[in-house]
Amino acid sequence: MTGAGFVLRSDAYFLIKKNFTIFSEVYENVSSIYINEVDPEQLIRSGINAMLDELDPYTVLIDESESHQMDIVTTGQYAGVGLEIGARGGQLVVIAPIEGYSAEKRGIRTGDVIMEVDGIDVSQMSPEDIQSLLRGEPGSKVILTIHRFGIEDNLDFELTRETIDVKNISYYGLLEEEPRIGYVLLQRFTQNAAEEVRSAILEMEEEGSMEGLVLDLRNNPGGLLDEAVKLIDIFIPAGQKVVWTEGRMSRANQVYETSEDPVFKNKPLIILQNHGSASASEIVSGSLQDLDRAVIIGERSFGKGLVQIIQPLSYNTALKITTSKYFTASGRSIQSTPFVTGEDVGSTDQVHDSLRNRFTTKSGRTVYEGIGIEPDILKENRQQSMLEIALLQNSHYFFFANEYTSEHEHFDQHNDRDMLFNEFMQYLDDNEFQYTTRAERHLQRFGESLDEFLNEESIRPIQEMEELIAIEKEKVKEKYSEYIKRELYLELVSRYEGRTGRMQKSLINDELTLEAIDVLKDNSRYASIINP
């Protein structure tokens, strides 16, 4: 057996050497004698990327320009001015200044359009490009030139770079509608994620008698595995195996157990999740479900059960490479993508329960592997209308709020929402807002498919259909007016009360949060789900 193993390793080394030689010769010839001049760096990177494409979506080369994103995950810090930047309506705008840092202190506002950074025109750049310009050594200065609606001239702000602590929790607090229930919105699992949750729970318990907790993991893409385990620590006694990893190399096989006394041990816990909840989020929800410690509400999670490590390479690059799978407390894998490191499992969405591996929770409930974490209470997101999608795509709420804040120093939350809605509709008319419904697209394709002779005969019927569609579009505005009013109201609240104010108000009408409240207030229902 030893000899056979040695031969296999020798064969592998020979094949590596052989193909490296072939690759380098092909690369040299293409670089030197191909009919067109090629970019040698781009050529080799294309080869590397093509090689990695044969593996899984999470094994990628990290360029020097992208390495700061990994630093944020591993250290929870970066040096900048404290701005969240995004693209809206073809412009680069401030989504929100981070409270307590230079941009917010100097007066940068949500909605400001970024024109220049240190005199460099940024109109053709991406948000990531601007963030790179704003990063630098703590204590160094940068001049940000912005345009603010209602002010004719551009404004210059001298900002000081400083160490920004990335917050994993974007909001927490006792619910306004039910002050005995706490709520935590955890957006990522970087350094100190678990400690932030622990501190938030202790603070809320000091404020009053907290009888239940809602942990919101919707759209949380994950992060550090260790932080996920530490988070489970908060709810599960020490010594409980909660997750383990298995890979080809022995060092990839690890078992993770809780190690500290929980601070929220016996009180009811609800976890909210959706299709955007992945990786470390699924470790938390899956293991707490397996241990019958939480009720999961929402949609099926993403299904990312593969573990990556960062391997440093030359020239400040790195390789993020998949080395193992992880398994939740019951022993199930949550990986749902078909490749599963070489295994052909087909489309997991179409696999019947009878063909999937079954596992049991601590109390004997049946759970399945292979499609992420399935919630205990399924509540799919409402499908938005084409009107709502178009309003968001074109950032009309955002730019209407810019105009509104330039004209109103204060925002009375008791304002007549119908009046605001009518102002918004007038704003859309003034800006010639248009959108295309599915019916319009079908009618257009139908008209284009007719030959010239039939087309002339069909003009009147098509015009009649277009008139009916226009009438229907007016009805759609009324049908979805409450959703539009709510989005408009929240956008305005965020301008005057910041992200915290928006979160507080948004939870009042959030369907999953309301469902969580109902379950937490009904002890028998909660118990029947955990231990049917």
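Residues numbered from 1 in each chain as written. Predicted model: local features only at pLDDT ≥ 70, side-chain atom pairs only at ≥ 80, totals over all residues. Heavy atoms only, no water.

Points about the confidence of the model for the protein
Then, in step 1: In the predicted model, the protein carries a mean pLDDT of 88, and 92% of its residues have values of at least 70.
Then, in step 2: Here residues 1-7 is a poorly scored stretch, pLDDT under 50, and it has zero contacts once near neighbours within four places are set aside; other chains count.
Then, in step 3: Low pLDDT, under 50, characterises residues 339-348; the stretch is placed with 20 contacts to residues that sit more than four places away or in other chains. (pLDDT = per-residue confidence, 0-100. Contact = heavy atoms within 4.5 Å.)

Side note on a nonpolar patch on the surface
Then, in step 1: Where nonpolar side chains cluster on the molecular surface, the patch consists of Tyr13, Ile16 and Phe20 and spans about 380 Å² of accessible area.
Then, in step 2: Mapped onto the fold, Phe20 is located in helix H1 (residues 2-33).
Then, in step 3: Take Phe20: its relative accessible area is 58%, and that puts it in the exposed class. (Patch = residues over 30% accessible without salt bridge, like charges linked within 9 Å, V, L, I, M, F, W, Y side chains within 5 Å. Areas by Shrake-Rupley, 256 points an atom, 1.4 Å probe, with all protein chains shown as cover. Salt bridge = Lys/Arg side-chain N within 4 Å of Asp/Glu carboxyl O. Helix = DSSP H or I, 4+ residues; strand = E, 2+ residues; numbered from the N terminus. Buried < 20%, exposed > 50% of the residue type's maximum accessible area, 1.4 Å probe, protein only.)

Looking at helix H8 (residues 280-290)
Then, in step 1: Where burial is concerned, most of H8 is hidden: 11 out of the 11 residues are buried.
Then, in step 2: Ala280, Ser281, Glu282, Ile283, Val284, Ser285, Gly286, Ser287, Leu288, Gln289 and Asp290 are the residues of H8 that are buried.
Then, in step 3: Downstream of H8 by a residue or two, Asp292 has a phi angle that is positive, lying close to 55°.

So, the packing of aromatic side chains
Then, in step 1: Applying the stated rule across the entire model yields 14 aromatic pairs.
Then, in step 2: Ring centres 5.4 Å apart and planes at 85° place the aromatic pair Phe398 and Phe399 in the edge-to-face group.
Then, in step 3: Centroid distance Phe400 to Tyr404: 6.2 Å. Interplanar angle 40°. Geometry classified as tilted. In this pair, Phe400 and Tyr404 both sit in helix H10 (residues 396-407), four residues apart, roughly one turn of the helix. Across the pair, exposure class does not vary: Phe400 and Tyr404 are buried alike.
Then, in step 4: Linked through ring pairs, Tyr397, Phe400, Tyr404, Phe411, Phe424, Tyr427, Tyr489 and Tyr496 together constitute an aromatic cluster.
Then, in step 5: Over the face of the ring belonging to Trp244 we find Lys241, whose NZ or CZ atom lies 4.2 Å from the ring centre.
Then, in step 6: Lying over the aromatic face of Tyr435, Lys473 brings its terminal NZ or CZ to 4.5 Å of the ring centre. (Phe/Tyr/Trp six-rings, centres within 6.5 Å; stacked < 30°, edge-to-face > 60°. Lys NZ or Arg CZ within 6 Å of the ring centre and 35° of its normal.)

Focus: H10
Then, in step 1: Between its terminal C-alpha atoms H10 stretches 17 Å, which fits the 16 Å expected from 12 residues at 1.5 Å a residue.
Then, in step 2: Buried residues of H10: His396, Tyr397, Phe398, Phe399, Phe400, Ala401, Asn402 and Tyr404, and no others.
Then, in step 3: The secondary structure elements touched by the buried residues of H10 are strand S3 (83-88), strand S4 (91-97), helix H9 (386-393), helix H11 (417-430) and helix H14 (481-506). (Expected span 1.5 Å × (residues − 1).)

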